[in-house]
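In case you want the letters, here they are:
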Amino acid sequence: MAADLLSVEEIDEALLTLDGWEVVDDSIRRELEFDDFMEAIDFITRIAVYAEEMDHHPEIRNVYNIVSLALTTHDAGGLTQKDFDLALKIDIEA
Ligand SMILES: C[C@H](O)[C@H](O)[C@H]1CNC2=NC(N)=NC(=O)C2=N1
């Protein structure tokens, strides 16, 4: 079963616990800059492990040393606690 969608108030409160994420449409997004391409790819592989463990997968875009992430819960059609749980893991890894 899909997780519950969060209310606007719950989303605002959850954002306070995160670093550099913004709400865009039905997702939260963060852009990270690394020293070079390999550092960016290394980061992606580290967060991929969390994504698999949590069965929750970010949209990932990489251009050289920049990694752009978007989290949303497709099953629920918007933001759920799962997105914020994964975002917190990503922040710790960043
Ligand atoms: C069946 C399985 O639980 C799902 O399809 C999962 C896998 N990873 C997922 N990742 C994300 N970001 N959203 C989802 O709704 C989602 N659903």
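None of these values were measured; they are calculated from a predicted model.

Looking at this structure, how should I read the overall build of the protein?
When you go through the protein residue by residue, the secondary structure sums to three helices and four strands. Starting at the N terminus, the α and β elements of the protein follow one another as α-β-β-α-β-β-α. Against the 2.2 N^0.38 benchmark of 12 Å for 94 residues, the protein shows a C-alpha radius of gyration of 13 Å, consistent with a compact globule. Projected onto its principal axes, the C-alpha positions of the protein cover 40 × 25 × 20 Å. Looking at the protein as a whole, 36% of its 94 residues qualify as buried. Taking contacts inside the protein between residues at least 6 apart in sequence as the whole, the part at least 24 apart equals 66%. Carbon together with sulfur atoms contributes 49% to the accessible area of the protein, which is approximately 5,800 Å² in total. Distance from the positive charge centre (6 side chains) to the negative charge centre (24 side chains) of the protein: 4 Å.

Can you walk me through the pattern of salt bridges in this structure?
Opposite charge on two side chains lets them pair, provided their charged atoms get close. Per the stated rule, a full pass over the model turns up four salt bridges. Note that R30 and D19 form a salt bridge whose closest N and O atoms lie 3.8 Å from each other. Of this pair, R30 sits in strand β2 (residues 27-33) while D19 sits in the loop between α1 (8-15) and β1 (22-24), and the two are eleven residues apart along the sequence. When its relative accessible area of 47% is taken as the criterion, D19 is described as partly exposed.

Please explain unusual backbone geometry as it appears in this structure.
Most peptide bonds are trans, and most residues other than glycine sit at a negative phi. Positive phi values are uncommon outside glycine, yet D25 reaches one of about 55°. With respect to the helices and strands, the residue D25 is situated in the loop between β1 and β2. Using a relative accessible area of 70% as the deciding quantity, one classes D25 as exposed.

Criteria and thresholds
Residues numbered from 1 in each chain as written. Predicted model: local features only at pLDDT ≥ 70, side-chain atom pairs only at ≥ 80, totals over all residues. Heavy atoms only, no water. Helix = DSSP H or I, 4+ residues; strand = E, 2+ residues; numbered from the N terminus. Rg over C-alpha atoms; globule rule 2.2 N^0.38 Å. Buried < 20%, exposed > 50% of the residue type's maximum accessible area, 1.4 Å probe, protein only. Contact = heavy atoms within 4.5 Å. Areas by Shrake-Rupley, 256 points an atom, 1.4 Å probe, with all protein chains shown as cover. Lys, Arg positive; Asp, Glu negative; His and termini not counted. Charge placed at Lys NZ, Arg CZ, Asp CG, Glu CD. Salt bridge = Lys/Arg side-chain N within 4 Å of Asp/Glu carboxyl O.

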